[in-house]
Amino acid sequence: MLPAMAQEPDDVSLMLRYRGGDLAAFEVLYGRHRGALFRYCMRQCRDRSAAEDLFQDVWARVVRARREYHPTAKFATYLYTIAHNCLVDRLRRLGRTGGPGAAYPDDAQEDPVDDAPGPEALALSREVGMRLRQALGRLPAEQREAFLLHEEAGLGIAEIGVVTGAGAETVKSRLRYALKKLRGALSDDEDA
Amino acid sequence: MTSPEDRELEDFLARRSRVTAAWRELPGEEPPPALDARVRALAAAELRPQERGRAAPLRWLRPAALAATLVLSISLVLRLDREAEPPAERLASGPVDVRVIPPQTAALPSAEPAAAPPAGVAVTGMRREERRQDMPLAVTELDAEMDESRVLEKPALPPLPAQVATAAGATAPALALDEDALGEIVAAIRARLGPAGATGLFAREKAATAERAAADAGPTAAEERLHAILALHDAGRADEATAALAAFARDFPGDRITSLIESLAE
């Protein structure tokens with residue numbers, strides 16, 4: 001099994017193959033990142049429709065920019081940098097102008113996603129999940145994004161800094177605050 | 001020394017924190033199939049213009065480049081071939097320019113130019129083979145030794161003096177003179193005529209002057225005929241000079257030049 005896994009092409013080589021016209025390479029790449037990127041979009045947008053639009057917009061930019069793609073970092077860093085920029089652009093178009101922190105929706109008072117999970121999922125962790133999501137939605141946009149970029153996209157401190165344009169210490173600080181608030185939400189859940 | 005927040009961050013980054021565990025227990029949301037289909041269609045559509053925009057031009061670009069190269073090469077070769085071709089051959093590919101000098105007087109109407117040119121016909125643009133078939137042998141041989149580039153220059157020269165042409169064109173026998181013999185005769189003529197003989201750069205002007213003098217002076221004297229012959233020779237019109245010498249020999253049988261001509265004729 002290990003040799004077979006080792007032979008799987010990495011993201012960068014898949015993207016390079018797609019740049020060269022290999023659609024099958026894109027299919028593999030898309031399959032690897034579609035779920036995490038979709039969850040990132042769902043957590044960043046107020047509703048499912050906006051999340052789907054954002055998701056499609058990100059991939060559209062990826063495929064349109066394939067000729068200019070040059071691997072300078074992990075593909076995930078590249079992908080989520082595009083996602084970050086798409087989100088900022090989208091919010092600017094919606095009229096939410098200001099600094100990077102103000103570019104995100106202030107959705108602390110409600111669950112940002114109109115989820116439609118299946119009954120099995122609901123049964124498993126409905127209460128914990130709802131509290132955690134609500135706590136995430138109450139986070140400042142920078143903290144929420146830092147959390148999602150690590151938890152969903154698997155990015156490290158430096159890579160999160162690349163995507164968001166922040167320094168490493170800033171990213172760490174955002175994550176510390178985010179973890180503190182999310183842990184508090186879980187504690188409330190346990191207390192409840 | 002590390003604070004609880006730092007430790008929590010380290011656990012989080014190592015995916016050991018409670019928050020991470022709770023997050024992973026959330027139901028994983030996936031994009032709906034319709035959204036997947038849209039993205040895949042975008043990716044496929046993005047490749048299709050690449051095939052049309054890049055590969056398609058290459059399909060016609062190569063043959064077009066090859067065709068352009070061939071056209072340029074062929075035109076270059078043809079041009080070089082034309083430039084290397086003797087001037088007479090080049091003229092032969094274009095319209096033939098045949099100038100006919102009236103056999104008797106300048107006032108007579110032009111003779112039939114093409115069928116059988118008499119000895120006095122000056123042919124400037126005829127094929128070499130036609131010239132060899134139609135012209136007297138001696139003239140043809142002389143012509144073969146001529147610098148063909150001079151043939152091109154002939155139209156700029158004055159026509160053969162009427163009297164010379166008349167005499168040479170009437171019944172002059174064919175005269176075979178090689179280049180040396182012609183040169184020797186011309187030298188004798190030049191010696192006889194003295195410094196007035198046409199030479200060098202002024203040959204054309206001399207030939208024109210001789211023509212005008214001949215036209216004005218009435219019956220042609222031997223010296224005037226020799227002047228004209230010399231002018232023709234110096235103007236590079238050796239075949240016409242040879243024909244004129246033949247006519248001179250016929251008209252002036254006792255002349256020293258005639259004797260020289262007869263002695264050198266082949």
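Below is a summary of the structure that appears in this document. Source: prediction; values computed, not measured.

How each quantity is defined
Residues numbered from 1 in each chain as written. Chains lettered and ligands numbered in written order. Predicted model: local features only at pLDDT ≥ 70, side-chain atom pairs only at ≥ 80, totals over all residues. Heavy atoms only, no water. Helix = DSSP H or I, 4+ residues; strand = E, 2+ residues; numbered from the N terminus. Buried < 20%, exposed > 50% of the residue type's maximum accessible area, 1.4 Å probe, protein only. Areas by Shrake-Rupley, 256 points an atom, 1.4 Å probe, with all protein chains shown as cover. Disulfide = S-S within 2.5 Å. Core = buried A, V, L, I, M, F, W, Y, C linked by side-chain atoms within 4.5 Å. Contact = heavy atoms within 4.5 Å. Phe/Tyr/Trp six-rings, centres within 6.5 Å; stacked < 30°, edge-to-face > 60°. Axes fitted to C-alpha atoms, helices over the stretch in contact; angles between N-to-C directions. Parallel < 35°, antiparallel > 145°, perpendicular 65-115°, else oblique. Nonpolar A, V, L, I, M, F, W, Y, C, P; charged D, E, K, R; others polar. Buried area = accessible area lost by both parts, 1.4 Å probe. Salt bridge = Lys/Arg side-chain N within 4 Å of Asp/Glu carboxyl O.

1. Focus: the overall build of chain B
(1) Moving on: On a plain count of helices and strands, chain B comes out with 13 helices and two strands.
(2) Moving on: In chain B, buried positions account for 36% of the 266 residues.
(3) Moving on: Here chain B has roughly 14,600 Å² of accessible surface; of this, 59% comes from carbon and sulfur atoms.

2. Focus: the state of the cysteines
All names here are of chain A.
(1) Moving on: All chains considered together, the criterion is met by zero disulfides over all chains.
(2) Moving on: Cysteine 41 supplies the cysteine sulfur nearest to cysteine 45, a cysteine that is in no disulfide, at a spacing of 6.1 Å.
(3) Moving on: A residue is classified by how much of its surface remains accessible, and cysteine 45, at 5% relative accessible area, is buried.

3. A short note on the nonpolar core
(1) Moving on: Counting 62 residues, the largest nonpolar core has Leu37, Tyr40, Phe55, Trp59, Tyr80 and Phe147 of chain A as the members making the most contacts within it.
(2) Moving on: Contact partners of tryptophan 59 of chain A, with chain neighbours within four places excluded, come to Phe26, Leu29, Tyr30, His33, Arg34, Leu37, Phe75 and Leu79 of chain A together with Val39 of chain B.
(3) Moving on: By size, the runner-up hydrophobic cluster in this structure holds 22 residues, among which are Leu182, Val186, Leu193 and Ala241 of chain B.

4. Section: the packing of aromatic side chains
Residues and elements named next belong to chain A.
(1) Moving on: Overall, the coordinates contain 14 aromatic pairs over all chains when judged by the stated rule.
(2) Moving on: Ring centres of tyrosine 30 and tryptophan 59 lie 5.0 Å apart, and the angle between their planes is 70 degrees; this geometry places the pair in the edge-to-face category. Here tyrosine 30, found in helix 3 (residues 23–44), pairs with tryptophan 59, found in helix 4 (residues 48–64); they are 29 residues apart in sequence, far enough to count as distant.
(3) Moving on: Note on tyrosine 30: relative accessible area 0%, which makes it buried.

5. Things to note about the packing of helix 9 (residues 179–193) of chain B against helix 13 (residues 256–264) of chain B
Residue and element names in this part refer to chain B.
(1) Moving on: Between helix 9 and helix 13, whose axes approach to 10 Å, the crossing angle comes to 170 degrees. Classified by the interaxial angle, the pair formed by helix 9 and helix 13 is roughly antiparallel. Touching Ala181, Glu184, Ile185, Ala188, Ile189 and Arg192 of helix 9 are Arg256, Ile257, Leu260, Ile261 and Leu264, all from helix 13.
(2) Moving on: Here the residues of the contact of helix 9 with helix 13 are counted per class, giving eight nonpolar, no polar and three charged.

6. What about the interface of chain A and chain B?
(1) Moving on: Each partner contributes residues to the interface: chain A has 52 residues there, and chain B has 34 residues.
(2) Moving on: Buried surface at the junction of chain A and chain B, both sides included, amounts to about 4,100 Å², of which 60% is carbon and sulfur.
(3) Moving on: Broken down residue by residue, the surface that chain A buries against chain B is led by His150, Glu151 and Leu179 of chain A, which jointly contribute 15%.
(4) Moving on: In this structure, the connection of chain A to chain B is made through ten salt bridges.

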